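Chain by chain, the residues:
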Amino acid sequence: MDEAHERSLNTDVLLGILKKLGCLDEVLTIVSMLSVPSVFFQPKDRVEESDAAREKFFVPISGHLTLHNVYQQWKSKQYRGDWCNDHFLLVKGLRKAREVRSQLLDILKMLRIPLTSSWPDTDVVRKAICLCWSIRRSRRKRRQPWRKKWRT
C-alpha cells in the first residue's frame, strides 16, 4: 500500500471515529488551537496578573479542553482583540486558529460531513483525542520500525 493511500485510509478512520462519537466541532477547535503557537503571553512586569488570567481558562482534566475553553470564550466575546489583551492572549494566534478552523469547516462541508457537537460531555472529546492519537501513533510505529519504541 502506498503512503498516500495509507494516509487517506487513516483520515477516513479518524473522521469515522469523530463522526460516530459526535464531537467534530470540539475537535476542530482543539486541532485549530494546536496548529498555532501558544496563544498565552506573559509580560515580565505583569507575571502574577497574567498567571491569574490564564487560570480562569484552566480545565484541570485536559490541556486540550483548556485550549477549547479559550477559543469558546473568545468566540462568545465576538472575537474582540481588546478582550484578548485584557486576558493576556495573543489575538494574532487566535485569529490564525480561527482561520484554520474555518478552512477545516470548509473541507467538512465539501465532503458533506455534518458538524456534530457533544458539548458539554467532555469525556467524549477526551475519548476521541485518545483514540485518534493512538491510531496516529500505531501508524508511525508501523512505518518506522527501526526507531526506538516511544515511552508512554
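The following refers to the structure shown. The model shown is predicted, which means the values in this text are computed figures rather than measured ones.

1. Let's talk about the environment of Thr-122
Thought 1: Topologically, Thr-122 is positioned in helix H7 (residues 122-143).
Thought 2: In sequence terms Thr-122 and Cys-23 are 99 residues apart; their C-alpha atoms lie 9.3 Å from each other.

2. A few points about the environment of Thr-66
Thought 1: Within the secondary structure, Thr-66 sits in helix H4 (residues 63-76).
Thought 2: Sequence separation between Thr-66 and Lys-56 is 10 residues; the distance between their C-alpha atoms is 9.5 Å.
Thought 3: Sequence-distant contacts of Thr-66, that is, excluding residues within four places in its chain, are made with Phe-40, Phe-57, Phe-58 and Val-59.
Thought 4: A polar contact of 2.9 Å, which involves the side chain of Thr-66, links it to the backbone nitrogen of Val-59.

3. Some remarks on the packing of H4 against helix H6 (residues 91-110)
Thought 1: Relative to each other, H4 and H6 sit at 95°, their axes nearing to 11 Å. Classed by the angle they form, the pair H4 and H6 counts as roughly perpendicular. Every residue of H6 that contacts H4 at Val-70, Tyr-71 and Trp-74 is listed here: Leu-94, Arg-95, Arg-98 and Arg-101.
Thought 2: Of the residues belonging to the contact of H4 with H6, the class tally is 4 nonpolar, no polar and 3 charged.

4. Examining the side chain of Glu-26
Thought 1: For Glu-26, the position within the fold is in helix H2 (residues 24-34).
Thought 2: Look past the residues within four positions of Glu-26 in its chain and what remains in contact with it is His-68, Thr-116, Ser-117, Ser-118, Trp-119 and Val-125.

5. Some remarks on the pattern of salt bridges
Thought 1: Applying the stated criterion to the full structure yields 5 salt bridges.
Thought 2: Asp-82 serves as the salt-bridge partner of Arg-80, at 3.0 Å between the closest nitrogen and oxygen.
Thought 3: Classification of Arg-80 as partly exposed rests on a relative accessible area of 36%.
Thought 4: Residues Asp-123 and Arg-126 are paired through a salt bridge, measuring 3.0 Å at the closest nitrogen-oxygen approach. Here Arg-126 and Asp-123 lie together in helix H7, a separation of 3 residues that amounts to about one turn.
Thought 5: On the accessibility criterion, Arg-126 (32% relative accessible area) is partly exposed.

Criteria and cut-off values
Residues numbered from 1 in each chain as written. Predicted model: local features only at pLDDT ≥ 70, side-chain atom pairs only at ≥ 80, totals over all residues. Heavy atoms only, no water. Helix = DSSP H or I, 4+ residues; strand = E, 2+ residues; numbered from the N terminus. Contact = heavy atoms within 4.5 Å. Polar contact = N/O pair within 3.5 Å; in protein donor to acceptor, adjacent residues only side chain to side chain. Axes fitted to C-alpha atoms, helices over the stretch in contact; angles between N-to-C directions. Parallel < 35°, antiparallel > 145°, perpendicular 65-115°, else oblique. Nonpolar A, V, L, I, M, F, W, Y, C, P; charged D, E, K, R; others polar. Salt bridge = Lys/Arg side-chain N within 4 Å of Asp/Glu carboxyl O. Buried < 20%, exposed > 50% of the residue type's maximum accessible area, 1.4 Å probe, protein only.

As far as function goes, none of this settles anything; it's purely spatial.
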